[in-house]
Structures are given as C-alpha cells and as structure tokens.
Amino acid sequence: MGKQRARIVAVVLAAGLLAGGCTSSDPSGSDGAAKPTATTGPGSGAKATGRFATDLDVDVDADTKTAKATFEVDPGTEEVTVTGLEPKARASLVKDGKRLVVLKADTYGQAHFAYLPAKLAEFQTGAGGKLPFAEGYLVEAGKGYTVRAEDTDPVQVSKPFTVLGRDDHPDGAFFDEQAGKLVPKGDETDLFGYVTMRDGVELSVNVRLPGPASKGPYPTVVEYSGYGPANPDATEPGSMIAGLLGYATIGVNMRGTGCSGGAFDVFNTAQQVDGYDVIEAIARQPWVKGHKVGMVGLSYSGITQLYVAATRPPSLAAVTALSVIKDPWLQQWPGGVYNGGFTKSWLDERDKESSATGTSWVAKRIEGGDATCKAHQRLREQNIDFQAFGESLVHRPALTDGRDLSKLVSKIDVPVYLTGAWQDEQTGPQFADMLGNFTHAPVKRFTMFNGRHPDGYTPLVLTRWYEFLELFVDQEVPRIAPGLRAAAPSVFEDEFGVAGLNFEPDRFTKFADDQYDEALQAYEAEPDVRVLFESGAGGKVPGSPQATFETTYASWPPKGTEARSFYLGDDGALGAKAPADEAADTFANDPASASKTFFGKSGYSLLDPTWDFDWTRFGTGKALSYVTKPFTDDTVLGGPGYAELYARVPDGDADVQVSINVIRPDDTEWHVTTGLLRLSDRKTDSRSKGLYVDRTYSEADSRKMPAGEFVPVKVAFPSFAQAFRKGDRLRVVISSPGRDFGAWSFADIGDPGTARDIGRGGGQASRLVLGVLPGIDEVPPLDAPCPSLRGQACRPYQPSTNEPAG
C-alpha cells in the first residue's frame, strides 16, 4: 500500500478480546427454573395473576375520556421508548385496541417496550424491576400502536405510531444528510462524535485517520461493539492493527453502551440494523475511499460484523469476523447445559459496563462536558439484564431465532473472512456448524485451527486477514512493506512471548501494482477453507503459534469425509466392531465437577505461550473410559461428529459430557474436543444430516427419560481436526460436565451419586461416529512436549477401570 508504518504495537490486547476470568455460578437451570415458550402474539385476554397482576383489561374502553399525551414516544425497530412520564406511573402499549403490557416508569419517568408477555401483565421497570417472561414474544413491526398513560386524569394517549421491522431501512437521503458530519478539522486526524440512527438514537463514534481528511481518501474499516470502540483514549486491537496498516478506523459503541443512546439488549434487532445505519453514514464521509467500508474485530466485534452484514448495507465492502459464535442462546446453554462460567461472567460484565457511567472513559467524557453522553446515561435504567433473562430460558424459545447467526448468515451478500479455534476457551467451536450457511456470500475464506480465543491475530492468520482487506476494501495488490516485516518479530515476541514470529511471505509477488484484477482472480480461485494443524508445535518454542502442517478444502465439512464408527466394548475397549452381547457400564453423577476447569494455580493467562494445566481426573466410579488400540496408519479425524449412546437414568434427566482425547506413544494424553447434552433435549431435528446433529432445544421437543429403560441419544461433537498418527490411541471419556474446559463451567442437574448407565454391545451398541478427513495420507512427525499445543490440555495418561451397571 505504501501507507504502512514500520511498527505494530500491542497486536493483541486482552481488553479488546471478550477477556475475563472464568467464574462459577449458582446452579440455576435446574428443573425448577422458568421454562419459556415463544408465542406469536398476545394471549386470550386473560390477565396474569399474582405478583404481576394488573387491574386493567386487555380491551381498551373506547368510552374512556382521553387527552393529548404530554410524554414522548420514540418508536424504533421492534422496540418503543417512552420518556416524560411521571416516575412510577403506569404506561400501556396498545395495538388495535388491545393492551399488550403495562409498564411502570422508572425514577426518570421512562419505560422501554421490547418484550411482551403472552398474557396481559404489569411490571416495574428500571432499577429493581424485573421482566420475567416465562412466556412471551417481541414487539412486532407494524402500524396502529399507541401508548396510554393510565394514571393521568383524563388518560393521556399518544398519537398512533409505527414500529419498524428489520428491513425497514431509510432511503439514501437520510444518510446523505450526515455526509461531512465526521470530518476532523485541518491537520487533525482524530474526531469524537455521534451518528444518528433511523429512530433518532445517536451512537458515539471515534474517528482515526492515517492523515488529515484533506489528504484522503483512505480505505476505511469499522469496529462495532459494546466494549469501548468509541473510547478516544484507547483503541481496540482490530482497529489498532488496521490503523497501523494505513486504514482509517471508526470505532462505534452499540446503543445502550459507552456514550451511545438507546437501551442495551445483546444482539437484538435494533443493534443489528444500527450497524446498517452506521455503515451507510460512515461510507458517505468525504475521506472514505470508494465510499465503501469494511469491518474488523475479534470476538464481540467479530460477532457483530455478521449481524450487520446480514442486514445487507449497500456500502459494506467486506467483513473479517474472528472468533465468533453461532447462537447466543447456545452460548449460555451448550447442549442444553447451563454455562455458568465464561458466558455468565461476560454477560454480567456487559450488564455492568452498560450501566450509567459504567466505564471510566464515559465518566471522563461527561466530566469533560459531553452533554450528549450525559443525557444518554438516563436511559441505562431501562437496559435489559440479559444474563438473568438468558439464564431463565431453560428451553430455547423461537423468539431467539432473530439472534441465531446460523439462520442469519445466509443473508450476507459481501465477501467474508472468518477464523476460529476448535478449542476456543471463551466462545467455543460451534461457529463451524454454520460455515455451510453463507450461501449468498460471493467470496468466503474460512481458517480454522487448534488454539485459543485471541489466535485470530497470530501471524499465520493475520497475514491472510490483511490480504483480504487489501483485496476487498482497499482494492490493491497485497504487499507487506519491508520496514513493517523487519519490525514485526520484536513486536510479536512482546505480545506472544515467542521469538522469530513474522508475517507469511507475500503471496502475490508476481503481480504488479496495476494488476489488481489479476491478483483478485488468482485469490478467488483458491479453496474456501484452510485448516491449520497442531499450532503450538510448529516452531522451536513450545506454544509458538505456528502449525506443523495445513490443508485446504472447498467446503466444511469437506466432501468425501468418511464416517468411521468406534464401538464401546468390554473392559474399556473402543473398537471397529460392536460386541455381540449386551452389557452396560455405570458412572455416578458428579455435580462437584461442573465448576472445575483445567487451569492450574497460575489461572487463566490469555497470552502466555503455554498454559499452566491442572487437568484433573474424575474420581473412581464417576466416569467411563474407553480406549482404542494404537492406530496402524496416520489418520486425520475431523468435522462434526457424535456419540450415539444408549443411556439409562433413574431420575428422568441428566447432563452428560463426552470427551475425545488422543494418547501419544509417550503416554501423554491431549484433549481434543467435548460434546454436551441434557438428555431431555435429545430429540434431533430435520437439520441433522450425516455427521452433523442439531436439535431445537424447545420445550415442545423436551422429553423426560423413561425410568429403567435404555434410550438412544446422540451427543453432538462440535467440529474439530486432529491428526492421529501411527501408534496413537483414541480415548473417549463419558461423565458429568466439567474438568475438560478452560473458561467454561457448568451447573449440573441431578443428585450426587445418581447412576448414569451406558449400554454397549448387541441391541444397545453405543459408539462414536467421527469423520476421516480426505486428502491427507501422511502427516509429519510430531514433537510436542506437554504443554505446547495451543488450547489443548495435556496430562500423563492413567488407565481407569469401568464399573459394570447393576
């Protein structure tokens, strides 16, 4: 580009990566928890009883004397905000003459309508308020809404208004009016300001240009999240790296966070369409090259890119989503088991930081005289406590489909670069389930590897990230400047603790600067999928983010993947054939393991080359173990898979964990992947195909386990890719949840010691079904001391004996 600077600093910052300590939580999610059911509209007219009862009727009395509203109503996308009420006053949202819900205003006279109960009920909003929708639905797009102040005399009624839907985009003139709004003055390169959304909400923005606006235009990228991307005193990692590579970077705080207006609700439709408006408003600034922008970011700001791209902003050039999730509900309830570790702590932190002046930089802005930022803090009283709300959703309601990325990414129509780690300790590997759903993206590049949450910024992955931005945002032939390449090793060493790291060699050297079209054509001819193996063992230092080998595929899972079964056998054997006779082994439920992770005394250190592991074993009788004979040939297993178990439990339900490990010839055991399932959620759905298993997790599909009977269940394994060399053995461990994760911990159901029986052989032949990846006949030798493989716990292997079931 010729615009690159010679030094990259702080390539990875913990502050910008969904960072946070692993915590345990109270064991909620038990049988006594709320079990929501989504509906499509208001109930029959019956009113809620008990704590949330109201004396108002569903049907509005047409004869009631009314007056013009003195309060203000701001309808948005699937939400309505009301201000100017009397504190604690009641306000009803009404559609077509029927009350949908009654909210009591907070201490500032505000009420925010987003979630509606299936039956008319009355709730207090604001601090101390609670919206416990065991059954409910979302405010729907449409005309004919009004708000009534029920306690005024006469009753005040707003003018009728329309609630917007996700596809109700403003015309171009709305964004044209914001052109020139974000231009730094004179020779200045930075600017803090606000952009206006379609519903009038203003989002805080921080602009950083490579030079004065008059020297542009510049290739431009947006980083959008609820952290602090608009903080003028700090820069998120993706923006920092892009800025040092010559890009203009725009940090935008989501509504309800930072200095932005609006109410916070994680990944709701309003936040998604805000992204559309942000892209369109930024693209119209005079310093934006080609008036097209890209997006950058890892984790939170990687996830948001997919939501934004699914709204199809016309001025979006491409997205580069690193370390993402598949479905927010599934993050809290993987396999239907409550994740009381990282996900809970992350959502708790979001609730805390999105509160009024919840971060120091916001307080600093207000102290410095930012009246807009100050005014926006009042509505924080109406922020949704999403952690508590999500924790109550023991079953997955249909209303969460609007946040399920696996259902949204098919709408994306711009080039997509996406990376993720099979062992991501924070967001997990479920992202790979949806890679086949990017059906409208014209170009897709997916890179997967063993590793950790921040590894999207390691050199092997970062080089390809830069190539992608150059080709689809800057529209230049990708080249790493010599000065930058010379400076990179010392900086990478500072960040990753490993000497000798650098960018990959330039891959487009045969193309001249004016041969962009030819370089693009060559890039687009490459396979979509890149898989890196054994990161952490490919360099001289254990834990160095370097792979031992890699391969490519046209899709994931690859065509030609061969299903291979491994049957549970007698005496802890795992083999290619099922035993002829039926038998069963048993383990005792172990809720105490649910809170245990594999980190040692040093705890969770995000960027150290190797982790301090204390990967503890289950006690005697609390897990089942089955081990293959040594492999006779190099075999690479991967893709999704499942454990088909014949399970019997006496108490109607159980949380089950199935882990796959590899045992090396030196008797070092390495963790590969783990599947989880609450057995009452065992029903699979029509999306299940081949090695991929999916389910609705809905209340309607939930079934208690029949007492005293063996029932077949499929525990899904998320995608992985692992080489099993000649002499290696595969081990499967079946247990209660826990011990095999880094930052995830759980809330296990059932009493300690309750039997969980697993059948084997005959008509109840439990087995693993895993994929053998095609096109890899030989793998290089592996020298991997424990620890070294990134993200993969290790320990000395100890044989164990299974207990036969009674």
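Up top is the structure these notes are about.
Residues numbered from 1 in each chain as written. Predicted model: local features only at pLDDT ≥ 70, side-chain atom pairs only at ≥ 80, totals over all residues. Heavy atoms only, no water.

Caption draft 1: Representation of the pairing of strand 17 (residues 248-253). The buried fraction of strand 17 is high, at 6 of 6 residues. Because side chains alternate across strand 17, one face comprises the buried residues Ala248, Ile250 and Val252, and the other comprises Thr249, Gly251 and Asn253, equally buried. Of the pairings in the sheet, the one linking strand 15 (residues 202-208) to strand 17 comprises 4 bridges and is antiparallel in character. Residue pairing in the sheet places Asn206 in a bridge with Gly251 of strand 17. On the question of chirality, the crossover connecting strand 16 (residues 218-225) to the parallel strand 17 by way of helix 2 (residues 237-244) is right-handed. (Buried < 20%, exposed > 50% of the residue type's maximum accessible area, 1.4 Å probe, protein only. Helix = DSSP H or I, 4+ residues; strand = E, 2+ residues; numbered from the N terminus. Pairing = 2+ DSSP bridges. Right-handed = clockwise from strand over helix to strand, strands pointing away.)

Caption draft 2: Quick look at helix 2. Within helix 2, 8 of the 8 residues are buried, leaving the element largely enclosed by the surrounding structure. The set of residues buried in helix 2 consists of Pro237, Gly238, Ser239, Met240, Ile241, Ala242, Gly243 and Leu244. Where helix 2 terminates, the next one or two residues include Gly246, which has phi positive at roughly 100 degrees.

Caption draft 3: Inspection of the packing of aromatic side chains at higher detail. Applying the stated rule across the entire model yields 36 aromatic pairs. With a centroid separation of 5.0 Å and an interplanar angle of 25 degrees, the aromatic rings of Phe267 and Tyr307 are classed as stacked. With Phe267 in the loop between strand 17 and helix 3 (269-283) and Tyr307 in helix 4 (residues 300-309), this pair connects stretches of sequence that are 40 residues apart. By the burial criterion, Phe267 is buried, and Tyr307 matches it. (Phe/Tyr/Trp six-rings, centres within 6.5 Å; stacked < 30°, edge-to-face > 60°.)

Caption draft 4: Structural context of the state of the cysteines. For the coordinates displayed, the defined rule picks out 2 disulfides. Cys259 shares a disulfide with Cys373; S-S distance 2.1 Å. On the S-S bond that ties Cys259 to Cys373, the torsion sits near -70 degrees, and the link is left-handed. Of this pair, Cys259 sits in the loop between strand 17 and helix 3 while Cys373 sits in helix 8 (residues 371-376); the two residues are 114 residues apart in sequence, bridging distant segments of the chain. Cys373 carries the same exposure label as Cys259, and that label is buried. Here Cys786 pairs with Cys794 through a disulfide, and the sulfurs are 2.0 Å apart. Across the disulfide from Cys786 to Cys794, rotation about the S-S bond amounts to roughly 90 degrees, and the bridge is consequently right-handed. A relative accessible area of 40% means that Cys786 is categorised as partly exposed. Exposure remark for Cys794: the relative accessible area of 5% places this residue in the buried category. Of note for the protein: the bonded cysteines, numbered N- to C-terminal, pair according to 1-2, 3-4. (Disulfide = S-S within 2.5 Å.)

Caption draft 5: Examining unusual backbone geometry more closely. In the segment running from Trp556 into Pro557, the intervening peptide bond is cis, with an omega of -5 degrees. Along the chain, Pro557 turns up in the loop between strand 23 (549-553) and strand 24 (562-568). With a phi close to 70 degrees, Lys88 is a non-glycine residue in the positive phi region. Its place among the elements puts Lys88 in the loop between strand 4 (80-83) and strand 5 (90-95). Although it is not a glycine, Arg739 sits at a positive phi angle of roughly 75 degrees. Along the chain, the position of Arg739 falls in the loop between strand 32 (729-735) and strand 33 (755-760).

Caption draft 6: Examining the environment of Ala643 more closely. Within the secondary structure, Ala643 sits in strand 28 (residues 635-648). Exposure remark for Ala643: the relative accessible area of 0% places this residue in the buried category. Residues Ala643 and Val715, spaced 72 residues apart in sequence, show a C-alpha to C-alpha distance of 5.1 Å. With near-sequence residues (within four places) excluded, Ala643 lies in contact with Val658, Val713, Lys714, Val715, Phe717, Arg767 and Leu768. (Contact = heavy atoms within 4.5 Å.)

Caption draft 7: Just the sheet that holds strand 35 (residues 794-796), in detail. Strand order in the open sheet formed by 5 strands is 27-32-29-30-35, and the pairing between neighbours is antiparallel. With partners counted over all chains shown, the strands left at the sheet margins are strand 27 (623-627) and strand 35, one partner each. Across the sheet, the mean angle separating the axes of adjacent strands is 30 degrees when strand polarity is ignored. Summarising the sheet, strand 29 (residues 655-663) and strand 32 pair through 7 bridges and their orientation is antiparallel. Residue Val662 lies in a different strand from strand 32, and its bridge partner there is Leu730. (Axes fitted to C-alpha atoms, helices over the stretch in contact; angles between N-to-C directions.)

Caption draft 8: Representation of the pattern of salt bridges in the model. Scanning all chains against the criterion turns up 55 salt bridges. A salt bridge links Asp404 to Lys407; the shortest N-O distance between them is 3.2 Å. Each of the salt bridges in this network shares a partner with another, and the network as a whole consists of Asp55, Arg90, Lys104, Glu122 and Asp151. (Salt bridge = Lys/Arg side-chain N within 4 Å of Asp/Glu carboxyl O.)

Remember that the coordinates give geometry; whether it matters functionally is a separate question.
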